[in-house]
Amino acid sequence: MKPFIMDHPLIQHKVTLLRDKNTGSKEFRELISEITMLMCYEATRNLPLKQVEIETPMAVTKSNVISGRKLAFVPILRAGIGMVDGILELVPAAKVGHIGLYRDPVTHIPVEYYSKLPSDVDEREVIVLDPMLATGGSAIDAISKIKEKGVTQIKFMCIIAAPEGLEALTKAHPDVQVYCAALDDHLNEDKYIIPGLGDAGDRIFGTK
Ligand code: PRP
Ligand code: URA
């Protein structure tokens, strides 16, 4: 499936502020939340609607509400946590699962250390959240894990993607619609995204 690269000016402006090395953790977290909210608008565009009858103070009328599968959000720990508050502002009834992965510093292969998904996750549409798609290993493994639970409708939302990660992810999971706010140039020898924004987890949680 062709990835959806956001071109909205508000998103582009906020991504520029996010990349800036002088942006501190507080502002960084706020920007991640705001960008996620704006991206959620696009990622939920195709949710099905049904008509219900309601009564306004003036008349009885038919009006649309969201129908179909309920949503679950699954952040990839740690950095994906930064995207949860923003998306829950817009879809407060969604359930939230967590998948913990870290990249081995030498091999860059993801190592799983935690997983907890909603018990009815197979009845939901899942949006996986992670600000960074670098080699794609973490996203690919997280999505495989979610599919093992019987989930058939999955979207992946990231803020910065590397071409290498995007290619690997769309090849491994061609059925997953990917949304990203920016498509960057390349990965360096340590598999960091260039120009990127550095280590997303460290910048969100102030650990460096
Ligand atoms: C970062 C990021 C992604 C992953 C992307 O997490 O949040 O999960 O790297 O890289 P990949 O596409 O090459 O797998 P990291 O492993 O640094 O863990 P952290 O969130 O705990 O800092
Ligand atoms: N993880 C990050 O946090 N940043 C990168 O550039 C690559 C992986």
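To start, this report covers the structure provided alongside it. (Residues numbered from 1 in each chain as written. Chains lettered and ligands numbered in written order. Predicted model: local features only at pLDDT ≥ 70, side-chain atom pairs only at ≥ 80, totals over all residues. Heavy atoms only, no water.)

Taken as a whole and assessed by the stated rule, the structure comprises 2 aromatic pairs. Geometrically, the ring pair formed by Phe4 and Tyr179 is tilted, given 5.7 Å between the ring centres and 35° between the ring planes. One end of the pair, Phe4, is in strand 1 (residues 4–5); the other, Tyr179, is in strand 11 (residues 177–183), and 175 residues separate them in sequence. A relative accessible area of 33% means that Phe4 is categorised as partly exposed. Judged by centre distance (6.1 Å) and plane angle (35°), the rings of Tyr102 and Tyr113 are tilted. In this pair, Tyr102 sits in strand 6 (residues 98–103) while Tyr113 sits in strand 7 (residues 110–116), placing the two residues 11 residues apart along the sequence. Its relative accessible area of 42% is what places Tyr102 among the partly exposed residues. (Phe/Tyr/Trp six-rings, centres within 6.5 Å; stacked < 30°, edge-to-face > 60°. Helix = DSSP H or I, 4+ residues; strand = E, 2+ residues; numbered from the N terminus. Buried < 20%, exposed > 50% of the residue type's maximum accessible area, 1.4 Å probe, protein only.)

The amide bond that connects Leu77 to the next residue, Arg78, takes the cis arrangement and shows omega of -5°. Along the chain, the position of Arg78 falls in the loop between strand 4 (71–77) and helix 3 (84–90). With omega at 0°, the peptide bond leading from Ile194 into Pro195 counts as cis. Here Pro195 lies in the loop between strand 13 (193–194) and helix 6 (200–205). One non-glycine residue, His108, lies in positive phi territory at about 65°. Its location among the elements puts His108 in the loop between strand 6 and strand 7.

Time to look at the site of ligand 2. Close to ligand 2 lie Arg103, Met132, Ala134, Lys191, Tyr192, Ile193, Gly198, Asp199 and Ala200, which account for all nearby residues. Within the backbone of Ile193, a nitrogen or oxygen atom sits 2.8 Å from an oxygen atom of ligand 2. In this structure, a nitrogen atom belonging to ligand 2 sits 2.8 Å away from a main-chain N or O atom of Gly198. Calculation on ligand 2 without its partners gives an accessible area of 240 Å², and the protein chains cover 89% of this total. Of the residues belonging to the shell around ligand 2, the class tally is 5 nonpolar, 1 polar and 3 charged. (Near = heavy atom within 4 Å. Polar contact = N/O pair within 3.5 Å; in protein donor to acceptor, adjacent residues only side chain to side chain. Areas by Shrake-Rupley, 256 points an atom, 1.4 Å probe, with all protein chains shown as cover. Nonpolar A, V, L, I, M, F, W, Y, C, P; charged D, E, K, R; others polar.)

Around ligand 1 lies a shell of 15 residues, among which Arg103, Asp130, Thr135, Gly136 and Ser138 are the nearest. For ligand 1, an oxygen atom lies 2.6 Å from a polar atom in the side chain of Thr135. Between ligand 1 and Gly136 there is a distance of 2.8 Å, counted from an oxygen atom to a backbone nitrogen or oxygen. Protein contact buries 91% of the 500 Å² of open area that ligand 1 shows by itself.

The next thing to look at is the packing of helix 1 (residues 9–19) against helix 2 (residues 25–43). In contact at an axis separation of 10 Å, helix 1 and helix 2 are set at 155° when each is read in the N-to-C sense. Classified by the angle their axes make, helix 1 and helix 2 are roughly antiparallel. For the element pair helix 1 and helix 2, the recorded crossing hand is left-handed. Here Leu10, Ile11, Lys14, Val15, Leu17 and Leu18 of helix 1 lie close against helix 2, whose contacting residues are Phe28, Leu31, Ile32, Glu34, Ile35, Leu38 and Met39. Among the residues forming the contact of helix 1 with helix 2, the class breakdown is 11 nonpolar, no polar and 2 charged. (Axes fitted to C-alpha atoms, helices over the stretch in contact; angles between N-to-C directions. Parallel < 35°, antiparallel > 145°, perpendicular 65-115°, else oblique. Left-handed = near helix turned anticlockwise from the far one by under 90°. Contact = heavy atoms within 4.5 Å.)

In short, geometric facts, not functional conclusions.
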